Amino acid sequence: MSRFSGKKIVVGVTGSIAAFKVAGWVSTMTKEGADVSVIMTAAGSRFVAPLTFAALSGNPVLTDMFKAEESHAISHIELGQKADLLLIAPATANTIAKLAHGIADDLLATTVLAASCPVMIAPAMNSGMFENPITQRNIRLLMDAGYTIIDPAYGQMACKTEGPGRLAEWENAEEKILQNLTTQDLTGQKILITAGPTREALDPARFLSNRSSGKMGYALARTAVRRGADVHLISGPTTLLTPYGVKKTSVVSAEEMYAQVVQACTDCTVIIKAAAVSDFRPQNTATQKVKKDDAEFVLQLEQTDDILKKLGEMKEKHNYLLVGFAAESCNLREAGEKKLKNKNLDLIAINDISNNNTGFEANTNQVTLLDSDGFTDLPLTSKEETANLILDRISAQLASAV
Ligand SMILES: Cc1cc2nc3c(=O)[nH]c(=O)nc-3n(C[C@H](O)[C@H](O)[C@H](O)COP(=O)(O)O)c2cc1C
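The structure displayed is predicted, hence computed values, not measured ones.

Okay, the overall build of the protein chain next. Check the secondary structure of the protein chain and you find 15 helices and 21 strands. Each of the three principal axes of the protein chain carries a C-alpha extent, and together these read 80 × 50 × 40 Å. For the protein chain, buried positions account for 42% of its 402 residues. Of the contacts formed within the protein chain by residues at least 6 apart in sequence, a portion of 67% connects residues at least 24 apart.

The structure is reproduced here in structure tokens:
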């Protein structure tokens, strides 16, 4: 399922130089399944032709309140009442001021005033305009009225000045929009998630590691925040961007991961251990790089501390729900059953790592869940959708524990 599937979104485009960027936003949301209708202010349509938004959204663009009414196409009240979300992007200082004071002198402002759906506002303007106490006061008024502000970014403006006021980057805006469109069933939950591989140093240049990309753990972190959770991600080395709204602690070795997790676990309601922690590390780490001309290099390994087992032992004292992953290449169900029991887990996601489209590095996954209700095979789907299905099960367990 695409992220915006079945969502009705009204986008209000106002007279900012950043209007062209929102053409990309509309295109992405439409491709991801949203039904997008665009309303433009008169100034907005001086920057980008309404035809651009009509072509990208597949819907007519509305610009004039009276024309819309005359043609009986749609009333100024209807749009904001039928939508799941009303997003004003870019929002000029002028439109923000009008909305803050209930002025309804064009189709966009009237639609917002009459809207019964959530309203989000993405300001975009020169820093002087943005930092002006009048604009700041207007933004506070809108927040007090329950509107969500998508904070602008800091950077260079079209007018060559630098400061706050640039339209937010899509990656951040998208997360806030998805948050607004998602049921907040994990509000109040403090979720600790581990992700990625660990690296066990052999010498200053080499390490032992594994193929974990961190994608599954990061997908869990991103979707948990979207569903309202407070998420702390403890991650081994990956190339992934920290998901929006997630607190991240970076670690390298299994020993560092152990120390951080044991410290953080006392303060959370759910722990999801998706990291692929090294089971072994070199007994000795060379302080200088081992040279090729040394006759041979024999590695003596020792076991690392078992983080999941430790969390299982501490579970009753700290009262968290404990979820583990089993990365297996054979006898999946037996291995999962054994791990669930031995590590005192509430839920385990069993992962077949022998297929190219499941497990390490892939963007898709197919896991089997096991808890006190037995086995459930989840479909082969994106890691983000898999994360949502795992969180659905966690949410149900949390609800039944109340
Ligand atoms: C080239 C140019 C760029 C502009 N960029 C912005 C902008 O980024 N943000 C803003 O608040 N106003 C900007 N303005 C001023 C608005 O277009 C102006 O205040 C207009 O009345 C806004 O009308 P609206 O809010 O109904 O769209 C710009 C004006 C011009 C001529």
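That covers the picture; the talk isn't over yet.
Quick look at the domain arrangement of the protein chain now. According to the domain assignment, the protein chain contains domain 1 (8–181) and domain 2 (190–401). Computed from C-alpha atoms alone, the centre-to-centre distance between domain 1 and domain 2 is 40 Å.

Okay, the packing of helix 6 (residues 93–100) against helix 7 (residues 107–114) next. As a packed pair, helix 6 and helix 7 sit with axes 10 Å apart at the nearest point and diverge in direction by 40°. Regarding the angle of helix 6 to helix 7, the classification is oblique. Both helix 6 and helix 7 take part in a crossing whose hand is right-handed. In contact with Thr95, Lys98 and Leu99 of helix 6, helix 7 contributes Leu108, Ala109 and Val112. Along the lines of polarity and charge, the residues of the contact of helix 6 with helix 7 split into 4 nonpolar, 1 polar and 1 charged.

With that settled, consider the site of the ligand. Taken together, 15 residues are adjacent to the ligand, and Thr14, Gly15, Ser16, Thr92 and Met125 come closest. The element that contributes the greatest number of residues to the shell around the ligand is helix 6, accounting for 3 residues. Grouping the constituent residues of the shell around the ligand by class yields 7 nonpolar, 8 polar and no charged.

The next thing to look at is the sheet that holds strand 2 (residues 35–40). Strands in a sheet are paired, the pairing made by backbone hydrogen bonds, and the direction either parallel or antiparallel. Taken in spatial order, the 5 strands line up as 2-1-3-4-5 in an open sheet, and their pairing is parallel. Sheet topology places strand 2 and strand 5 (148–149) at the edges, where each strand pairs with a single neighbour. In terms of strand pairing, strand 4 (residues 119–123) meets strand 5 through 2 bridges, oriented parallel. Paired with Ile121 across the two strands is Ile149, which belongs to strand 5.

Now for helix 14 (residues 332–342). Quick reminder: α-helices carry 3.6 residues per turn. Residues three or four places apart thus point the same way. Those residues of helix 14 that fall on the buried side of the exposure criterion are Leu332, Gly336, Lys339 and Leu340. Buried residues of helix 14 fall within an arc of 100° about the axis and therefore sit on the same side. Looking at helix 14, the residues exposed on the side facing more than 90 degrees away from the buried face are Glu334, Lys341 and Asn342. The inward-facing, buried residues of helix 14 contact strand 16 (321–328), strand 17 (347–352) and strand 19 (367–371). Of the residues trailing helix 14, Asn344 is marked for its positive phi of about 60°.

Next up on the list: the environment of Pro243. Counting through the fold element by element, Pro243 comes out in the loop between strand 11 (230–235) and strand 12 (247–250). Sequence separation of Pro243 and Lys310 is 67 residues, and the distance between their C-alpha atoms is 27 Å. Leaving out residues up to four positions away in the same chain, Pro243 has contacts with Tyr218, Ala221, Arg222 and Val225.

By the secondary structure assignment, Thr135 is in helix 9 (residues 133–144). The buried category is assigned to Thr135, around which 21 C-beta atoms lie within 10 Å.

A separate point is the pairing of strand 11. Across the 6 residues that make up strand 11, a large majority, 5, are buried. The pairing of strand 8 (residues 190–195) with strand 11 spans 6 bridges and is classified as parallel. Residue pairing for strand 11: Lys190 is matched across the bridge by Asp230. For strand 11 and strand 12, the ladder comprises 4 bridges, and the chain directions are parallel. Bridged to Ile234 within strand 12 is Thr249.

Membership of the largest hydrophobic core comes to 53 residues, with the highest contact counts inside it found for Ile191, Ile193, Leu220, Ala221, Ala224, Val231 and Ile271. If you tally residues by element for this core, the top one is helix 11 (residues 215–226), at 7 residues. The contacts of Ile271, once residues within four sequence positions are left out, are Leu192, Cys265, Leu311, Tyr320, Leu322 and Val323.

Okay, the packing of helix 6 against helix 9 next. With their axes 9 Å apart at the nearest point, helix 6 and helix 9 run at an angle of 50° to one another. Considered as vectors, helix 6 and helix 9 are oriented oblique to each other. The handedness of the crossing between helix 6 and helix 9 is left-handed. Contacts between helix 6 and helix 9 pair Ala93, Ile96, Ala97, Leu99 and Ala100 from the former with Thr135, Asn138, Ile139, Leu141 and Leu142 from the latter. Each residue belonging to the contact of helix 6 with helix 9 can be placed in one class, and the counts come to 8 nonpolar, 2 polar and no charged.

What follows concerns the sheet that holds strand 19. Read from one edge of the open sheet, 8 strands run 12-11-8-13-16-17-19-20, paired in mixed fashion. Looking at the sheet topology across the chains shown, the edges are occupied by strand 12 and strand 20 (374–377). Each adjacent strand pair in this sheet contributes to an overall mean axis angle of 15°, direction not counted. Lying on the sheet, helix 11 is in contact with strand 8, strand 11 and strand 13 (270–273); it crosses strand 8 at an angle near 160°.

So, how was this worked out
Residues numbered from 1 in each chain as written. Predicted model: local features only at pLDDT ≥ 70, side-chain atom pairs only at ≥ 80, totals over all residues. Helix = DSSP H or I, 4+ residues; strand = E, 2+ residues; numbered from the N terminus. Buried ≥ 20, exposed ≤ 12 C-beta atoms within 10 Å, placed from the backbone. Contact = placed C-beta atoms within 7 Å. Domains from an automatic or database assignment. Axes fitted to C-alpha atoms, helices over the stretch in contact; angles between N-to-C directions. Parallel < 35°, antiparallel > 145°, perpendicular 65-115°, else oblique. Left-handed = near helix turned anticlockwise from the far one by under 90°. Nonpolar A, V, L, I, M, F, W, Y, C, P; charged D, E, K, R; others polar. Near = placed C-beta within 6 Å. Pairing = 2+ DSSP bridges. Arc of directions from axis to C-beta. Core = buried A, V, L, I, M, F, W, Y, C linked by C-beta atoms within 7 Å.

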